[in-house]
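Structural overview for review
Here is how the chains run, residue by residue.
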Amino acid sequence: MKAILAVHGGAGKWAVDEKTYRDVKKVLEEALVEGFRVYRTGSSLDMITIAIEVLENSGIFNAGIGSTVDVSGSISMDAGLMYRNRAGAVVYAKYPKNPVKLARIVLEKTDHIIIAGDAADNLARKMGLEPHPGPLPRTLELYRNFMEKLRRGEKIESTFKKSLEMWLNIGDTVGAVAIDKDSVLAAGASTGGVFLKMPGRVGDSPIPGAGFYANECGAAVATGIGEYILLTHATLKIVEELCNNTLPGKAIEKILNVITSRFGSNTAGFIALDKLGRVAGLYNTRAMPWGYISEDGAVKILGI
């Protein structure tokens, strides 16, 4: 049975308790089921937008409601979508509750691919998108604890490394790939970025060919350390492998091996779907919760 929609909740440590495990599994299942509802009447773009919106609204993952903060204590989000050789993305957006919706507006209603910062927020307001409620209590607690350590003069080997490890223990970027009844593929990603990132930092998630990519052969989305994914043009290369009739698992493995050899383990993960509905998810971290739904509505959750 061919897969028609796959989602992921981010590659990372995911050292979670039983309750969190159940919550993660439940949200992934909900995202797949909600995306599946429009399979008969909608497009693959509809499917991934709805699925990512569910993940953004969960507060479990580092996207939408659950977005992390930068060193100033502020939220800034990136998101991107690709469908029918068009892409739409937003970077450094602070206003919208659901940056994936804003990315879709850029794709469908503008002549551009990426809108940034205040301009993206102004567009979100103009289009009537719901505002973001601000950081979650758990995010603010992590931020305050880290800043207090800095104020006490505690030695920290690498702020980026420590903050990354701290955040990857909770959750990471979300993404989705889908194929619709007309065999059109789509891919999308959404993120709050790296915990305690420098204000203005943009990762891979809103960049076509890095955080997401889709064409007539297949679709892929990435999660992990955005700088490394950007430097390897990872999702573009995975989809190019799919165009050469490489199986999704083998295509991901080839690119993931390149990233691991260059930058080490605990750096990235991917899901990919080809035009035949074959799907795979691979990562070099401890876990990457992901799953897919088949044409018959059967759901499978893996990676955690």
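Computed from a predicted model, the values in this text were never measured in an experiment.

Parameters and conventions
Residues numbered from 1 in each chain as written. Predicted model: local features only at pLDDT ≥ 70, side-chain atom pairs only at ≥ 80, totals over all residues. Heavy atoms only, no water. Buried < 20%, exposed > 50% of the residue type's maximum accessible area, 1.4 Å probe, protein only. Helix = DSSP H or I, 4+ residues; strand = E, 2+ residues; numbered from the N terminus. Pairing = 2+ DSSP bridges. Phe/Tyr/Trp six-rings, centres within 6.5 Å; stacked < 30°, edge-to-face > 60°.

Turning our attention to the pairing of strand β1 (residues 3-8). Of all six residues that make up β1, six are buried, and the element is covered over most of its length. As defined by bridge partners, β1 adjoins strand β11 (residues 290-294) across five bridges and the pair is classed as antiparallel. Paired with Leu5 across the strands is Ile293, a residue of β11. Here β1 runs beside strand β5 (residues 174-179); their pairing, made up of four bridges, is antiparallel. Note on β5: the bridge partner recorded for Leu5 is Ala178.

It is worth spelling out the packing of aromatic side chains at this point. Across all of its chains, the model carries four aromatic pairs by this definition. Relative to Tyr39, the ring of Phe36 lies with its centre 6.1 Å away and its plane at 15°, an arrangement referred to as stacked. Take Phe36: its relative accessible area is 22%, and that puts it in the partly exposed class.

Glancing now at unusual backbone geometry. Although it is not a glycine, Tyr92 adopts a positive phi angle of roughly 55°. With respect to the secondary-structure elements, Tyr92 resides in strand β3 (residues 86-93). Positive phi is not limited to glycine here, since Asn245 has a value of about 65°. Along the chain, Asn245 turns up in the loop between α8 (234-243) and α9 (248-263). Residue Asn245 is classed as exposed on the basis of its relative accessible area, which comes to 59%.

The buried fraction of strand β8 (residues 218-224) amounts to seven of the seven residues, a majority that puts the element mostly inside the structure. Two elements, strand β7 (residues 212-214) and β8, share three bridges in a ladder whose sense is antiparallel. Residue Tyr213 lies in a different strand from β8, and its bridge partner there is Ala220. Between β7 and β8, which follow one another and run antiparallel, lie three residues. The pairing of β8 with strand β9 (residues 268-274) spans seven bridges and is antiparallel. When the sheet's bridge partners are listed, Ala219 is paired in β9 with Leu273.

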